[in-house]
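Geometric and topological summary
Chain residues, written in single-letter form:
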Amino acid sequence: MSLRAKIFEKYDEFSLLENKTEKDILRTEIKTMLAKYSEMDSNCYHLLGLVDYESDDWKENIETSIGNFQKAIELDKDNFLAQLYLAHCYHDLNQLKLALENYNKVDREKLKKFQVWRYTKLIEQIGYCQYKLENKYIGEQHFEEVLEWYKKLPEIDRVVPSELIECLPKNHRIITEMKKIETYLE
């Protein structure tokens, strides 16, 4: 098995772990393996960004994650997941203009084909940024699109619409319709 294959196998193992200590050990192991790898490409930098982003102390490593996601995009403009995670970083830092700018760069068609739930969440996150940036009408249009997806998606392809819930009043028509679909919202 090649070093690259071992690295990505370790990341798959890492992404499934819930135990912090085990995850921290694997994170260090992956970073060490990548440091020895001489053929760093977009996916390698994306993975480096993820191992720091997916940690309990992500705030301490967020600038490193941002740099790695940016390098991944620089090496491959079509790396839509690196673009998505770069937007997530800015979103988490409450830098909503940068988050929105980067969410809008994500190739939506590729994301939809990859995982429809991620696509729906992207639309919700764009709506959240718009709403919080005082473009409430545009935000609501995105939330309306999320609602339409929720109506037609199987339950397994839906995630909690937390940003939508945070923005809209509890008696808003979209929230009311969501409650009809998702019993846990009641």
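As a starting point, this report considers the structure included with it. (Residues numbered from 1 in each chain as written. Predicted model: local features only at pLDDT ≥ 70, side-chain atom pairs only at ≥ 80, totals over all residues. Heavy atoms only, no water.)

Section: the overall build of the protein chain
- The helix and strand tally for the protein chain stands at 11 helices and zero strands.
- Order of helices (α) and strands (β) in the protein chain, N terminus to C terminus: α-α-α-α-α-α-α-α-α-α-α.
- Over its C-alpha atoms the protein chain spans a radius of gyration of 18 Å, differing by no more than 12% from the 16 Å that the globule rule assigns to 186 residues.
- Overall size of the protein chain, expressed as C-alpha extent along the three principal axes, is 55 × 30 × 30 Å.
- Expressed as a percentage of its 186 residues, the buried residues of the protein chain come to 46%.
- Contacts spanning at least 24 positions in sequence make up 53% of the contacts within the protein chain whose residues lie at least 6 apart. (Helix = DSSP H or I, 4+ residues; strand = E, 2+ residues; numbered from the N terminus. Rg over C-alpha atoms; globule rule 2.2 N^0.38 Å. Buried < 20%, exposed > 50% of the residue type's maximum accessible area, 1.4 Å probe, protein only. Contact = heavy atoms within 4.5 Å.)

Remarks on helix α3 (residues 42-53)
- In this model, α3 (12 residues) spans 16 Å end to end at C-alpha, consistent with the 16 Å of a helix rising 1.5 Å per residue.
- Residues of α3 that are buried: S42, C44, Y45, H46, L47, L48, G49, L50, V51, D52 and Y53.
- On its buried face, α3 sits against α1 (3-16), α2 (20-36), α4 (58-75) and α5 (80-92).
- At the N-terminal end of α3, a side-chain oxygen is found 3.2 Å from the backbone nitrogen of N43, two or three residues along, and the residue is D41. (Expected span 1.5 Å × (residues − 1). Polar contact = N/O pair within 3.5 Å; in protein donor to acceptor, adjacent residues only side chain to side chain.)

Brief notes about a negative patch on the surface
- Where like charges cluster on the molecular surface, the negative patch consists of E9, D12, E13 and E22.
- Ranked by the residues each element gives to the negative patch, the list is headed by α1, at three residues.
- Along the polypeptide, E9 turns up in helix α1.
- The class for E9 is partly exposed, based on a relative accessible area of 45%. (Patch = residues over 30% accessible without salt bridge, like charges linked within 9 Å, V, L, I, M, F, W, Y side chains within 5 Å. Areas by Shrake-Rupley, 256 points an atom, 1.4 Å probe, with all protein chains shown as cover. Salt bridge = Lys/Arg side-chain N within 4 Å of Asp/Glu carboxyl O. Lys, Arg positive; Asp, Glu negative; His and termini not counted. Charge placed at Lys NZ, Arg CZ, Asp CG, Glu CD.)

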